[in-house]
Amino acid sequence: MSDTILSHHHDPESDGAKAACIDASVRTPVLLLFGNALHWLVVAAFLALLASVKLVAPGFLGGVAFLGYGRLEAMSRDLFLYGWASQAAIAAGIWLMARFCDRTLGGVLLRTLINSAVVLWNLAVLLGTLAILAGYSTGVEWLEYPNWASAMLFLSFLMIGIWVVCLFDRRAGIESGARAETALWYLVAGFCCFPWVYGTANLLLTWKPLQASAQGAVQGWFCNGFLILWLLPVALGALYGLLPRLSGQHLNRRNLAPLGFWLLLFFGGWAGLARLIGGPIPAWMTSAGVVAGVFFLIPILIVMINLFGLRKGGNEEGTTVWQFLRGGLAFVLAAGILGAFTALPGISAFARFTGVTASVDLVWLLGAVSFPLFGVIYLALPSLLGRECWCASLSGLHYWLTFAGIGLLAVLLFLDGLVAGLALLDPVVSFLNITSYVQPFHVLESAARLLLLAAAVIVAANFTRALAAERLFPKK
Amino acid sequence: MHRLSTLLIGILLVFLTSWAGVVAYSSFQLGHLDPVADADTGGTLPPNLRGDAIAGQRVYAAEGCVACHSQQVRQTSVTGTDIARGWGVRPSVARDYLRDSTAFLGSTRLGQDLSNVGVRLPDAKWHYRHLYHPGSVSEGSIMPSFSHLFEVRKIQGQHSDEALDLMGADAPKAGYEVVPTADAKNLVAYLLSLRHDYPLPEAPVKKSEKNDKGAGASK
């Protein structure tokens, strides 16, 4: 099915053979990464549900040291970021780069290196999570893993990332300006930025911490960079690569794509600082952040001009792949608009520290990033296994549950944030009163978390079911 | 951009703008601030932390307090809410975090801001009871109990001075008492050390405001 879609020769016969050859070469690491990612997602969703129940019933699981709200929250978010999103992004990067560049993963040594990196990554996620559980969190948001675990993640990424980036120069059709060019830029950018963003932040915050007076700005820069410079480019790489191929149409106004790419990287690096408005960092930094946060809409609009018109899905139209890719594109737009809106000083002054920020993060991470990654998983698995393997009704159920869960949770968090934010403006209303105002929202948020857990369980089960009959390490 | 080298140089240059502007600038400028002399006491500002407060920071990190509590009072040019709520007498500045090993700025306020909790709530006993069962001293609180930071033990001879004064359902059975562990003591020492009510050159405190401190205690 997807064999001919992803390569740019015009002879379907040899195309299929070549594609199957590439798929076979990357099969083991990609399946391991996707499989582990989906299972970590289930654990992350489960812990997020427990944490949200604790907000409603603080006594729930009370007195159990390792299941306090703070630890659950940190474990669940890091499992989402490193266990699920980053791992699935790495897998998507390997598969898409190999297919778009028409290159196999060759050599026993290289394969062993990459397979070991996959094991190392998951070991780091497991040990890092257990360390938070046992009370060894660093206390830095999004970087709670102890320094040795983050060093393992960093090393593991390098072992894979260097090969992925180098593929760009070894691609077929290098002189012809192949159709997936824009997708390749985004993928390369993401894979270059991860070690830089993650390495810098860990170096300055956990490996050899800076004086704490300088940590605020670096923390803000990291969270934003991790999302906008690493996860988002990979998601956009998938959209830029797959939407035109599946629909058989060209990008609209293709000449705008390079501009969009550079503006996204440029404004993306600064945009997150708008979040820190009023905080203990130099005022010019937050001003630059506000400007960048608003201007970030330009590259997002260019992405929309390029891709939104590709409405026909060809063979894939109406399938789960197509639904997730189109849904992902819509979430990119929604997240871009919400991000620019909440970057405005008048808004962020009362929305900051409330559910509004959490809602925007959710749309970015679960919508704009995760939807395209799900799309890649649904497309890649049949291709890697060489057969139809998804249970269609489970796939459809997964899509609608995820969509409903995110939609519901994002709206609830946003409203909860608005209520709390506006009430906080009036100092006469006591903090505990405000807590009681938003309590009903917390109850409903737990329900939405339950939907998301169900969705994660379904996709993981569907994946496992598809793989059950499969030999992961084929005999030679 | 057909070649990797061209693409990489481009990415490098674009990336460098925010990296140099935010990260390098912060490390070189904000990362080398000095404490200032305190004319009143002859000490320095911000004051040095006691050993138990330093140990308490690790407990604060381990329990994930930062998931719900921020530690920053925002600039009045952005919002006056933080100061109006009694969370501080002046906005937080970078130098306030000089003595911390990690800046727990926080991004969510499911609970109250803690930058000046040592000023607002200076009683260690209150904190012990609050950590043991938040609802007992702060009705309607959604903060979870941190009773695992306490030990229930048999009274040996005399009642311990440290024992918590618990009532109702919280009270241990006869002959037993609840005492804070070392972690709880360190955590409370850290919380009590959180007081940024002193003036700094870049963040002066008006006299009248200083006298009012604590007026908005624990709402």
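These notes cover the structure that comes with them. Predicted, not measured: the structure shown is a model, and the values here were computed from it.

About the criteria used
Residues numbered from 1 in each chain as written. Chains lettered and ligands numbered in written order. Predicted model: local features only at pLDDT ≥ 70, side-chain atom pairs only at ≥ 80, totals over all residues. Heavy atoms only, no water. Helix = DSSP H or I, 4+ residues; strand = E, 2+ residues; numbered from the N terminus. Rg over C-alpha atoms; globule rule 2.2 N^0.38 Å. Buried < 20%, exposed > 50% of the residue type's maximum accessible area, 1.4 Å probe, protein only. Contact = heavy atoms within 4.5 Å. Areas by Shrake-Rupley, 256 points an atom, 1.4 Å probe, with all protein chains shown as cover. Lys, Arg positive; Asp, Glu negative; His and termini not counted. Charge placed at Lys NZ, Arg CZ, Asp CG, Glu CD. 1 Å grid on protein atoms, 1.4 Å probe; cavity = no way out; pocket = protein on both sides within 12 Å on 5 of 7 lines; lining within 4 Å. Points joined across faces, edges and corners; volume = space filled by probe spheres on them. Buried area = accessible area lost by both parts, 1.4 Å probe. Salt bridge = Lys/Arg side-chain N within 4 Å of Asp/Glu carboxyl O. Polar contact = N/O pair within 3.5 Å; in protein donor to acceptor, adjacent residues only side chain to side chain. Nonpolar A, V, L, I, M, F, W, Y, C, P; charged D, E, K, R; others polar. Disulfide = S-S within 2.5 Å. Expected span 1.5 Å × (residues − 1). Bend = angle between axes of the 7 residues up to and from the residue. Axes fitted to C-alpha atoms, helices over the stretch in contact; angles between N-to-C directions. Parallel < 35°, antiparallel > 145°, perpendicular 65-115°, else oblique. Phe/Tyr/Trp six-rings, centres within 6.5 Å; stacked < 30°, edge-to-face > 60°. Lys NZ or Arg CZ within 6 Å of the ring centre and 35° of its normal. Patch = residues over 30% accessible without salt bridge, like charges linked within 9 Å, V, L, I, M, F, W, Y side chains within 5 Å.

Quick notes on the overall build of chain B
Then, in step 1: Within chain B, the secondary structure is distributed over eight helices and four strands.
Then, in step 2: Computed over C-alpha atoms, the radius of gyration of chain B comes to 22 Å, more than 25% over the 17 Å expected from 2.2 N^0.38 for 219 residues, which places it beyond the range of a compact globule.
Then, in step 3: A principal-axis box enclosing the C-alpha atoms of chain B has dimensions of 80 × 50 × 35 Å.
Then, in step 4: Each of the 219 residues in chain B was classed as buried or not, and the buried ones make up 52%.
Then, in step 5: Once local pairs closer than 6 in sequence are excluded, the contacts in chain B between residues at least 24 apart make up 67%.
Then, in step 6: Just so you have it, chain B exposes about 9900 Å², and 55% of that area is on carbon and sulfur atoms.
Then, in step 7: Of the charged side chains in chain B, 22 are positive and 22 negative; the average position of the first set lies 4 Å away from that of the second.

Observations regarding the layout of surface pockets
All names here are of chain B.
Then, in step 1: Taken as a whole, the largest pocket holds about 650 Å³ of empty space.
Then, in step 2: Looking at the largest pocket, it is lined by 33 residues, and the ones nearest its centre are Leu-45, Pro-47, Arg-195, Asp-197 and Tyr-198.
Then, in step 3: Every element with two or more residues in the lining of the largest pocket is listed here: strand 1 (36-37), helix 2 (51-62), helix 5 (124-132), helix 7 (182-193) and helix 8 (207-212).
Then, in step 4: The biggest single contributor to the lining of the largest pocket is helix 7, with six residues.

Description of the interface of chain B and chain A
Then, in step 1: Contacts between the two partners involve 73 residues from chain B and, on the opposite side, 79 residues from chain A.
Then, in step 2: Summed over both partners, the interface of chain B with chain A comes to about 6500 Å²; 66% of that surface belongs to carbon and sulfur atoms.
Then, in step 3: Viewed at the interface, chain A and chain B are joined by two salt bridges.
Then, in step 4: In this structure, the salt-bridge partner of Glu-63 of chain B is Arg-71 of chain A, at a minimum N-O distance of 2.9 Å.
Then, in step 5: Counting the contacts that link chain B with chain A gives 19 residue pairs in polar contact (both at pLDDT 80 or more).
Then, in step 6: Those elements that provide at least two residues to the side of chain B that touches chain A are helix 1 (4-29), helix 2 and helix 3 (81-84) of chain B.
Then, in step 7: Among the residues forming the side of chain B that touches chain A, the class breakdown is 35 nonpolar, 28 polar and ten charged.

Topic: the state of the cysteines
Then, in step 1: According to the stated counting rule, one finds zero disulfides over all chains in the structure shown.
Then, in step 2: This cysteine, Cys-223 of chain A, is not joined by any disulfide, and Cys-193 of chain A carries the nearest cysteine sulfur, 16 Å off.
Then, in step 3: With no disulfide of its own, Cys-68 of chain B lies closest to Cys-65 of chain B among cysteine sulfurs, the gap being 8.6 Å.
Then, in step 4: Exposure remark for Cys-68 of chain B: the relative accessible area of 14% places this residue in the buried category.

Brief notes about helix 6 (residues 215-247) of chain A
Residues and elements named next belong to chain A.
Then, in step 1: An ideal rise of 1.5 Å per residue puts 48 Å on 33 residues; helix 6 measures up with 46 Å between its terminal C-alpha atoms.
Then, in step 2: Of all bends in helix 6, the biggest is about 35°, found at Leu-232, and the proline Pro-233 comes one to four residues later.
Then, in step 3: Buried residues dominate helix 6, accounting for 32 of its 33 residues.
Then, in step 4: Positive phi appears at Gly-248, one or two residues downstream of helix 6, with a value of about 70°.

Notes on the packing of helix 2 of chain B against helix 7 of chain B
All names here are of chain B.
Then, in step 1: Interhelical geometry of helix 2 versus helix 7 gives an angle of 105° and a closest axis separation of 7 Å. What the angle tells us is that helix 2 and helix 7 run roughly perpendicular. Where helix 2 abuts helix 7, its residues Asp-52, Ala-53, Ala-55, Gly-56, Gln-57, Val-59 and Tyr-60 lie against Asp-183, Asn-186, Leu-187, Ala-189, Tyr-190, Leu-191 and Ser-193.
Then, in step 2: The residue inventory of the contact of helix 2 with helix 7, partitioned by class, reads eight nonpolar, four polar and two charged.

What about the packing of aromatic side chains?
Then, in step 1: In the structure shown here, the tally under the stated rule is 45 aromatic pairs over all chains.
Then, in step 2: An angle of 70° between the planes, with centres 4.9 Å apart, marks the rings of Phe-331 of chain A and Phe-371 of chain A as edge-to-face. Pair noted here: Phe-331 of chain A is in helix 10 (residues 320-343) and Phe-371 of chain A is in helix 12 (residues 355-385), with a separation of 40 residues, a long-range link.
Then, in step 3: By the ring-pair criterion, three or more aromatic residues cluster together here, those being Tyr-82, Trp-121, Trp-142, Tyr-145, Phe-157, Phe-191, Phe-194, Tyr-198, Phe-222, Phe-226 and Trp-230 of chain A.
Then, in step 4: Above the ring of Tyr-198 of chain B, the side-chain terminus of Arg-90 of chain B is found at 5.1 Å from the ring centroid.
Then, in step 5: If you follow Arg-109 of chain B out to its NZ or CZ, it ends over the ring of Phe-353 of chain A, 3.9 Å from the centre.

Points about empty space enclosed by the protein
Then, in step 1: Under the definition given, this model contains four cavities of 30 Å³ or more.
Then, in step 2: The calculated volume of the second largest cavity comes to roughly 620 Å³.
Then, in step 3: Together, 34 residues line the second largest cavity, and His-69, Gly-111, Gln-112, His-130 and Met-143 of chain B are the ones closest to its centre.
Then, in step 4: Mapped by element, the contributors of at least two residues to the lining of the second largest cavity are helix 1 (12-56), helix 2 (69-101) and helix 14 (431-467) of chain A together with helix 4 (117-120), helix 5 and helix 7 of chain B.
Then, in step 5: Here the lining of the second largest cavity takes four residues from helix 5 of chain B, the largest share from any one element.
Then, in step 6: Residues that form the lining of the second largest cavity fall into these classes: 19 nonpolar, eleven polar and four charged.

What about the environment of Leu-98 of chain B?
Then, in step 1: By the element assignment, Leu-98 of chain B lies in the loop between helix 3 and helix 4.
Then, in step 2: Between the alpha carbons of Leu-98 of chain B and Pro-35 of chain B there is a distance of 7.5 Å; along the sequence they are 63 residues apart.
Then, in step 3: Apart from the residues within four sequence positions on either side, Leu-98 of chain B is in contact with Gln-211 and Ser-213 of chain A together with Leu-33, Asp-34, Pro-35 and Pro-46 of chain B.

Observations regarding a nonpolar patch on the surface
Residue and element names in this part refer to chain A.
Then, in step 1: On the surface, a cluster of nonpolar side chains totalling about 460 Å² of accessible area is made up of Val-291, Val-294, Phe-295, Ile-298, Phe-341 and Leu-344.
Then, in step 2: If you tally residues by element for the nonpolar patch, the top one is helix 8 (residues 283-295), at three residues.
Then, in step 3: In this fold, Leu-344 is placed in the loop between helix 10 and helix 11 (345-351).

Here we look at unusual backbone geometry
Then, in step 1: Residues Leu-45 of chain B and Pro-46 of chain B are joined by a peptide bond in cis, for which omega reads -5°.
Then, in step 2: At Arg-253 of chain A, a residue that is not glycine, the phi angle is positive and equals roughly 45°.
Then, in step 3: Structurally, the position occupied by Arg-253 of chain A is in the loop between helix 6 and helix 7 (257-271).
Then, in step 4: One non-glycine residue, Phe-353 of chain A, adopts positive backbone phi at about 70°.
Then, in step 5: Topologically, Phe-353 of chain A is positioned in the loop between helix 11 and helix 12.
Then, in step 6: Phe-353 of chain A sits in the buried class, given a relative accessible area of 3%.

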